[in-house]
Amino acid sequence: MLTPRTSRSRDIRPLDGLWTFALDHEAGSRPWEAPLAVTRQAPVPASYNDVFTDPGVRDHVGVAWYQRVIDVPATWAGQRIVLRVDAATHAGTVYVDDHRVAGHQGGYTPFEADVTSLVTPGGRARVTIAVDNRLTSATIPPGTVTVDDNGRSRQVYRHDFFNYAGLPRSVRLYTTPIRHLTDITVHTAAADERTATVAYTVGTSGEPDGVAVRLRDEAGAVVATAQGATGELHVARPRLWRPGAPYLYVLEARYGDDGDTYELPVGIRTVEVRGQEFLINGEPFYFTGFGKHEDSAIRGKGHDDALMVHDFELMRWIGANSFRTSHYPYAEEWLDYADRHGIVVIDETAAVGLHLNMAAGRLGYATRPTFSPDAMNDATRDAHAQAIRELIARDKNHPSVVMWCIANEPASAEQGAREYFEPLVALTRGLDDTRPVTFANQGDARYDTDRIADLFDVVCLNRYFGWYADTGDLGAAEAHLEEELRGWAAAYDKPIVFTEYGVDTLSGLHSVLPGPWSEEYQIDFLEMYHRVFDRIPAVTGEQIWNFADFQTTSGVHRVDGNKKGVFTRDRRPKSVARVLKERWTAMRAARAQSGHS
Ligand code: GCB
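Since the model is a prediction, treat every value here as computed from it, not as a measurement.

1. What to know about the overall build of the chain
Inference 1: Along the chain, the regular secondary structure elements total 10 helices and 32 strands.
Inference 2: For the chain, the spread of C-alpha atoms along the principal axes amounts to about 70 × 70 × 45 Å.
Inference 3: Looking at the chain as a whole, 58% of its 597 residues qualify as buried.
Inference 4: Partitioning the intrachain contacts of the chain with sequence separation of at least 6 by distance along the chain shows that 72% fall at a separation of at least 24.
Inference 5: Looking at the chain as shown, the accessible area adds up to about 23,200 Å², and 50% of this sits on carbon and sulfur atoms.

Rendered as structure tokens:
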């Protein structure tokens, strides 16, 4: 799938701004057939939940409606016109005037509709989008909707971040020529320093004749050309895309002499797992950074370029070289920026919460099987497969993406986990055999009880010794962490990346005797983990949970959200930030000295 970009053959009209907004019960039947009453207006891109002061909006379960009138430029006559929604969380149905033009399930990947025959250049059209935030066992992430005694729907889900909904990313109208490019896939390989290969496949709307591609370097000079819908570009003396030192070529694809043109940024790099090493361009890479969220006050998961650039800036300041898109695919702007600035990304699907019995053994709960017909079932797996397909279709060409993470903390020690995951891993590899595949393992599934880790290339661990277990006892936590890590390192000849470890920390709470929630405890906790990591060579990465405090559902475990951030929700550093900056900056300097990126 090609992300909309302008070119000499393509134009874009953003549809961001204020849309008329109504909850389902306020909208009447068939709201797409007439103008909605302008009682509320909701901003796009933004989640709707925290924008208004009405708890009925914040806690709404079900469909909400967005509507606006669009002007179609007269200059677009003779072009193909496409309406694209970057994300409708979690399901979207789109109408142009009275016609339903698209329906999509999955809240974090884009979808689009060819509306050429429904709109008139120089005319107007009414666009209506229904957004449904309900999570069920047939959605990713999964959830359950219950109805309480008062007839009110309630949404249950098994992840802690708030179930923000709406249109959190851009909506756009764009054009292509009628005969147009539909897709581009590139795979890069660098045999040695003298030559690299960019293998490409270009999809076209009609017969694939008249396809030409050329590769330009950053100075604009053409370094390779080829003809045909598939082929190879050979680049002499390639400049590689490296973490911290990115280099981007531009692949320009043309379809017919005066036809469609599309420019795709291309980073030449390789990724490989060898034994317990993670190699980028053949060199060992050690991940430093964070699990993040798309999350901020008021706009919820709404994308904002200023906030994004600031987050990247804070990551650069602190010495992070990577992040994981926990727990869903982020807006494409994140990946474009990561490509441009040399930040490494572990790209995750929205498969979070596939676990009914988290910590049940430890807490003494009764358990019921996670992988069963009335919980995570065939419909869940079908939705999960679709989530993988759409993630890879969208993000396959980003050099910053070095690994697919297909789930966060599934019940991987439970019966049925292997049967559930085996086909999904095969699907992922079938779609992209150039990147390693992983999942983030949860503490109930140890090296001796996990049933699926061998299917994957990298062991990613989320651990909370010293917080949820051994609370306040860092001595015991250190022993338990080390014992478990050594177990994984001995059992699996694979790299281990720590994808979560962290403690809730109330910014401003200080203590001479560091206890949980204090800033001092966060420092002691992270330093303890780092001591252990440094003793175990199989550990090839540390991504702290979380980059910033973020909003969660309300409950007895959280006070206005999850406070495990190294930064507060408004991006102020907690004391630990300087400690991390020192460690990661020193690690970066040591790597640079040894010639590694
Ligand atoms: C986890 C989850 C993450 C939570 C975190 C926590 O294991 O993967 O989504 O936010 O723990 O803070 O409890």
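2. Digging into the UniProt feature "domain: Glycosyl hydrolases family 2 sugar binding" (unreviewed entry) in the chain
Inference 1: The UniProt entry lists residues 12-177 under the feature "domain: Glycosyl hydrolases family 2 sugar binding" (unreviewed entry), expressed in the numbering used here.
Inference 2: Helix makes up 5% of residues 12-177 and strand 46%, whereas the separation of the span's terminal C-alpha atoms amounts to 13 Å.

3. Focus on the sheet that holds strand β23 (residues 277-280)
Picture the strands of a sheet paired through backbone hydrogen bonds; they go either parallel or antiparallel.
Inference 1: If you walk across this open sheet you meet the 3 strands as β22-β23-β24, and the pairing is antiparallel. Pairing within the sheet leaves two strands with one partner each, and these edge strands are β22 (271-274) and β24 (283-284).
Inference 2: Pairing between β23 and β24: 2 bridges, direction antiparallel. Looking at the pairing, Leu 279 lines up with Pro 284 of β24.

4. Overview of the pattern of salt bridges
Side chains bearing opposite charge may pair, as long as their charged atoms lie close to each other.
Inference 1: What the rule picks out here adds up to 49 salt bridges.
Inference 2: Of the charged contacts, one joins Arg 214 and Glu 252 as a salt bridge, the two residues approaching to 3.2 Å between their closest N and O atoms. A residue pair is termed long-range when its members are at least 10 positions apart, and Arg 214 in strand β17 (residues 211-216) and Glu 252 in strand β20 (residues 249-255) qualify at 38 residues.
Inference 3: Classification of Glu 252 as buried rests on a relative accessible area of 5%.
Inference 4: Taking the shortest distance from any N to any O, the salt bridge between Arg 254 and Glu 252 comes out at 3.4 Å.
Inference 5: Judged by its relative accessible area of 24%, Arg 254 is partly exposed.
Inference 6: Linked through salt bridges whose partners overlap, the residues forming this network are Arg 214, Arg 216, Glu 252, Arg 254 and Glu 263.

5. Here's the deal with the site of the ligand
Inference 1: Near the ligand there are 13 residues, and of these His 327, Glu 409, Tyr 468, Glu 500 and Lys 564 occur at the shortest range.
Inference 2: At 2.8 Å from an oxygen atom of the ligand is found a side-chain nitrogen or oxygen belonging to Asn 562.
Inference 3: Here the ligand, which alone exposes 320 Å², has 90% of that area covered by the protein.
Inference 4: Its residues assigned to classes, the shell around the ligand shows 4 nonpolar, 4 polar and 5 charged.

6. Topic: the packing of aromatic side chains
Inference 1: Counted under the stated rule, the structure contains 42 aromatic pairs.
Inference 2: Measuring from centroid to centroid gives 6.1 Å for Phe 323 and Tyr 330, while their planes differ by 20°, and the two rings are stacked. When sorted by exposure, Phe 323 lands in the same class as Tyr 330, which is buried.
Inference 3: Site record: aromatic cluster; members linked through ring pairs are Tyr 108, Phe 161, Phe 312, Phe 323, Tyr 328, Tyr 330, Trp 334 and Tyr 337.

7. Quick look at the domain arrangement of the chain
Inference 1: Segmentation of the chain into domains returns domain 1 (12-176), domain 2 (181-269) and domain 3 (283-594).
Inference 2: A C-alpha centroid distance of 33 Å is found between domain 2 and domain 3.
Inference 3: On the domain 3 side, the residues contacting the 16 residues of domain 2 number 19 residues.
Inference 4: Together, the buried faces of domain 2 and domain 3 total about 1,200 Å²; carbon and sulfur atoms form 52% of this surface.
Inference 5: Contact with domain 3 buries surface across domain 2, with Trp 241, Leu 248 and Arg 269 losing the most and accounting together for 38% of the total.
Inference 6: Connecting domain 2 to domain 3 are 3 salt bridges.
Inference 7: Between Lys 396 and Asp 183 there is a salt bridge, with the nearest N and O atoms lying 2.7 Å from each other.
Inference 8: At the boundary of domain 2 and domain 3, one finds 9 residue pairs in polar contact (both at pLDDT 80 or more).
Inference 9: Listed by contribution, the elements that provide at least two residues to the side of domain 2 that touches domain 3 are β15 (181-190) and β21 (260-266).
Inference 10: Considering each element in turn, the side of domain 2 that touches domain 3 owes the most residues, 5 residues, to β15.
Inference 11: Its residues placed into classes, the side of domain 2 that touches domain 3 shows 8 nonpolar, 4 polar and 4 charged.

8. Some thoughts on the packing of helix α3 (residues 305-318) against helix α4 (residues 332-341)
Inference 1: Relative orientation of the contacting elements α3 and α4 amounts to 40°, with a least axis distance of 11 Å. In terms of their interaxial angle, α3 and α4 are classed as oblique. Crossing of α3 over α4 shows right-handed handedness. On α4, the residues that touch Asp 305, Met 308, Val 309, Asp 311, Phe 312 and Met 315 of α3 are Glu 333, Trp 334, Tyr 337 and Ala 338.

9. Considerations on the environment of Arg 169
Inference 1: You can see Arg 169 is positioned in the loop between β13 (166-167) and β14 (171-176).
Inference 2: Overall, Arg 169 belongs to the buried group, its relative accessible area being 3%.
Inference 3: Between the alpha carbons of Arg 169 and Tyr 108 there is a distance of 9.0 Å; along the sequence they are 61 residues apart.
Inference 4: Setting aside residues up to four positions removed in sequence, Arg 169 forms contacts with Val 44, Pro 45, Asp 86, Ala 87, Tyr 108, Thr 109, Glu 294, His 303, Pro 329, Tyr 330, Ala 331 and Arg 394.
Inference 5: In this structure the side chain of Arg 169 is engaged in a polar contact, spanning 2.9 Å, whose partner is the backbone oxygen of Tyr 108.
Inference 6: Engagement of the side chain of Arg 169 in a polar contact is seen with the side chain of Glu 294, the distance being 2.8 Å.

About the thresholds
- Residues numbered from 1 in each chain as written.
- Predicted model: local features only at pLDDT ≥ 70, side-chain atom pairs only at ≥ 80, totals over all residues.
- Heavy atoms only, no water.
- Helix = DSSP H or I, 4+ residues; strand = E, 2+ residues; numbered from the N terminus.
- Buried < 20%, exposed > 50% of the residue type's maximum accessible area, 1.4 Å probe, protein only.
- Contact = heavy atoms within 4.5 Å.
- Areas by Shrake-Rupley, 256 points an atom, 1.4 Å probe, with all protein chains shown as cover.
- UniProt positions renumbered as here; feature names shortened; annotations may be inferred.
- Pairing = 2+ DSSP bridges.
- Salt bridge = Lys/Arg side-chain N within 4 Å of Asp/Glu carboxyl O.
- Near = heavy atom within 4 Å.
- Polar contact = N/O pair within 3.5 Å; in protein donor to acceptor, adjacent residues only side chain to side chain.
- Nonpolar A, V, L, I, M, F, W, Y, C, P; charged D, E, K, R; others polar.
- Phe/Tyr/Trp six-rings, centres within 6.5 Å; stacked < 30°, edge-to-face > 60°.
- Domains from an automatic or database assignment.
- Buried area = accessible area lost by both parts, 1.4 Å probe.
- Axes fitted to C-alpha atoms, helices over the stretch in contact; angles between N-to-C directions.
- Parallel < 35°, antiparallel > 145°, perpendicular 65-115°, else oblique.
- Left-handed = near helix turned anticlockwise from the far one by under 90°.

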